[in-house]
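Topology and contacts: notes
Each chain, written out:
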Amino acid sequence: MAQNPAAKTAAGPMVLAAIEQHEEPARRLVDDDLAELFLPARLRWLVRAARPAAIRRLLIAAVQRSGPGLWANLACRKRFADDTLEAALAEIDAVVVLGAGLDTRAYRLVRRKRIPVFEVDLPVNIARKAATVRRVLGELPLSVRLVAVDFERDDVLTAMGEHGYNTDFRVFFICEGVSQYLTEPAVRSVLAGLQPAAPGSRLVFTYIRRDFIDGMELYDAKALYRRFRERKQVWKFGLNPEEVADFLAGYGWRLVDQLGPQEMIDRYVAPAGRDLSASEIEWVAYARKD
């Protein structure tokens, strides 16, 4: 089992996505028919146990107690990445998923369009992903490339280049649930590596608020702060929403949209008829390279 604390978080969001599939289609916050299959056996058992609505509600309530709004945030960030990728699909040449973990997006996409997808993550997660794909699909699709990197030490652009990445590509980059686990120099190094991407490229980028990382405002999430900042300092990097446009502009990206808790509720939670709060802690940014 991986010793890197960030590597150990790969399954959590996929458990949530898998459990969401038990909801009626109109009530789902995210659609992912492969999520359960990509999970380890013990977690597939948990997902099946959540099929009854009463059990599911208890499980969601438990997650909400540990981190108020966490369920909606994790689901809505996935939904937003899926929706923006779908809208841009005709105008891009490749997809890069940074911190891919057990994400199924590449394998759902390949069923509809043959487009290069680069899944980039820690070596232990890439090894686990390769084994999972072989178990579920039999073999890795030819259009999907698994790229092992240490974001703190390796050059992401060089690593992807060794697997066929081309800076002439108009790329859709997804960096979901990654930046908080990195130091600021590593985040800046990753963004610098993406900078040569062709005009028309897009970026979905999630981040934790800097005031939470700094302990200035805990947003009713003391348990999360203790877990991720006080005990092992797993979360390291943050931004505040008003800083994001200038931060991304420094690497050639123009901020197009941001989702905070109210936008998540308005766009996804309320239309699904779900009674869930969203957290102020994690936001999602969408940017474009002109």
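Residues numbered from 1 in each chain as written. Predicted model: local features only at pLDDT ≥ 70, side-chain atom pairs only at ≥ 80, totals over all residues. Heavy atoms only, no water.

Selection criterion: UniProt positions are given in the numbering used here, feature names are shortened, and annotations may be inferred rather than shown by experiment.
Under an unreviewed UniProt entry, the protein has the name S-adenosyl-L-methionine-dependent methyltransferase and belongs to Mycolicibacillus trivialis. Looking at the protein in UniProt, the text filed under Sequence similarities (unreviewed entry) is "Belongs to the UPF0677 family." As its UniProt record puts it under Function (unreviewed entry), the protein is described as follows: "Exhibits S-adenosyl-L-methionine-dependent methyltransferase activity."

A few points about helix H6 (residues 123–137)
Each α-helix winds once per 3.6 residues, and so residues spaced three or four apart point in a common direction. As a reminder, the rule being used: By the criteria applied, helices consist of DSSP H or I runs no shorter than four residues and strands consist of E runs no shorter than two, each listed in order from the N terminus. Under the convention used throughout, the expected extent of a helix is 1.5 Å for every residue step, that is, one less than its residue count. Note on classification: 1.4 Å probe, protein chains only; a residue is buried when its accessible area is under 20% of the maximum for its type, exposed when over 50%, partly exposed between these limits. Whether two residues are in contact is decided by their heavy atoms: any pair within 4.5 Å suffices.
With 15 residues, H6 extends 21 Å between its outermost C-alpha atoms, agreeing within 8% with the 21 Å of an ideal straight helix rising 1.5 Å per residue. Among the residues of H6, those classed as buried are Asn125, Ile126, Lys129, Ala130, Thr132 and Val133. Against the buried residues of H6 lie helix H5 (105–109), strand E2 (117–121) and strand E3 (144–148). Looking one or two places after H6, you find Gly138, whose phi comes out positive at around 95°.

Considerations on the sheet that holds strand E5 (residues 202–208)
Heads up, the rule is: Note: two strands are recorded as paired if DSSP finds a minimum of 2 bridges between them. Angles shown run from 0 to 180 degrees and are taken between the N-to-C directions of axes, each axis being a line fitted to C-alpha atoms and, for helices, limited to the stretch in contact.
Taken together, the 7 strands give an open sheet; going across it, the order is E3-E2-E1-E4-E5-E7-E6, and neighbouring strands pair in mixed fashion. Looking at strand neighbours, the two that pair on one side only are E3 and strand E6 (254–259), the edges of this open sheet. Strand-to-strand twist in this sheet, taken as the mean axis angle between neighbours without regard to direction, amounts to 20°.

Concerning the layout of surface pockets
Operational definition: Two kinds of site are reported from a 1 Å grid over the protein atoms alone, namely cavities, where a 1.4 Å probe fits but cannot get out, and pockets, open sets with protein on both sides within 12 Å along at least five of seven lines, and residues are called lining when an atom falls within 4 Å of a point. Grid points are joined across faces, edges and corners, and a volume is the space filled by probe spheres set on the points. Note that Gly is not counted as nonpolar here; it falls among the polar residues with everything else outside the nonpolar set of Ala, Val, Leu, Ile, Met, Phe, Trp, Tyr, Cys and Pro and the charged set of Asp, Glu, Lys and Arg.
Its boundaries defined by the atoms lining it, the second largest pocket holds a volume of some 290 Å³. Lining the second largest pocket, in full, are Val30, Asp31, Arg79, Asp82, Asp83, Leu85, Glu86, Arg105, Arg108, Leu109, Arg111 and Arg112. Going through the elements one at a time, helix H4 (70–88) and H5 are the ones with two or more residues in the lining of the second largest pocket. Here the lining of the second largest pocket is composed, by residue class, of 3 nonpolar, no polar and 9 charged.

A look at the pairing of E5
Note the threshold: A right-handed crossover is one whose linking path, passing over the helix from the first strand to the second, runs clockwise when the strands point away from the viewer.
Of all the 7 residues making up E5, 7 are buried; the element is thus mostly covered by neighbouring parts of the structure. Residues Arg202, Val204, Thr206 and Ile208 line one face of E5 and the alternating positions Leu203, Phe205 and Tyr207 line the opposite face, and both faces are buried. Here 4 bridges tie strand E4 (residues 171–175) to E5, and the two strands are oriented parallel to one another. Note on E5: the bridge partner recorded for Ile174 is Val204. Traced from E4 through helix H8 (residues 184–194) to E5, the parallel crossover comes out right-handed. As paired elements, E5 and strand E7 (residues 282–288) share 7 bridges and run antiparallel to each other. Each bridged residue has a counterpart across the sheet, and for Tyr207 the counterpart in E7 is Trp283.

Observations concerning helix H12 (residues 261–269)
As a reminder, the rule being used: Directions pointing from the helix axis toward each C-beta atom define the arc.
The set of residues buried in H12 consists of Pro261, Met264, Ile265, Tyr268 and Val269. Looking down the long axis of H12, one finds its buried residues gathered within 110° of arc, a one-sided arrangement. Looking at the buried positions of H12, the neighbouring elements they touch are H4, E6 and E7.

As for the pattern of salt bridges
Defined as follows: Here, a salt bridge means any side-chain nitrogen of Lys or Arg that lies within 4 Å of a carboxyl oxygen of Asp or Glu.
Scanning all chains against the criterion turns up 30 salt bridges. For Lys78, the salt bridge is made with Glu176, and the minimal N-O distance between the two is 3.4 Å. On the criterion of sequence distance, the pair formed by Lys78 in helix H4 and Glu176 in the loop between E4 and H8 is long-range, its members being 98 residues apart. In this structure Lys78 comes out as buried when scored by relative accessible area, which is 6%. Linking Arg202 and Glu91 is a salt bridge whose minimum nitrogen-to-oxygen distance equals 2.5 Å. In this pair, Arg202 sits in strand E5 while Glu91 sits in the loop between H4 and strand E1 (94–98), placing the two residues 111 residues apart along the sequence. Among the residues examined, Arg202 registers a relative accessible area of 6% and is labelled buried. Connected via shared salt-bridge partners are Asp32, Arg77, Lys78, Asp82, Asp103, Arg105, Arg108, Glu176 and Glu282.

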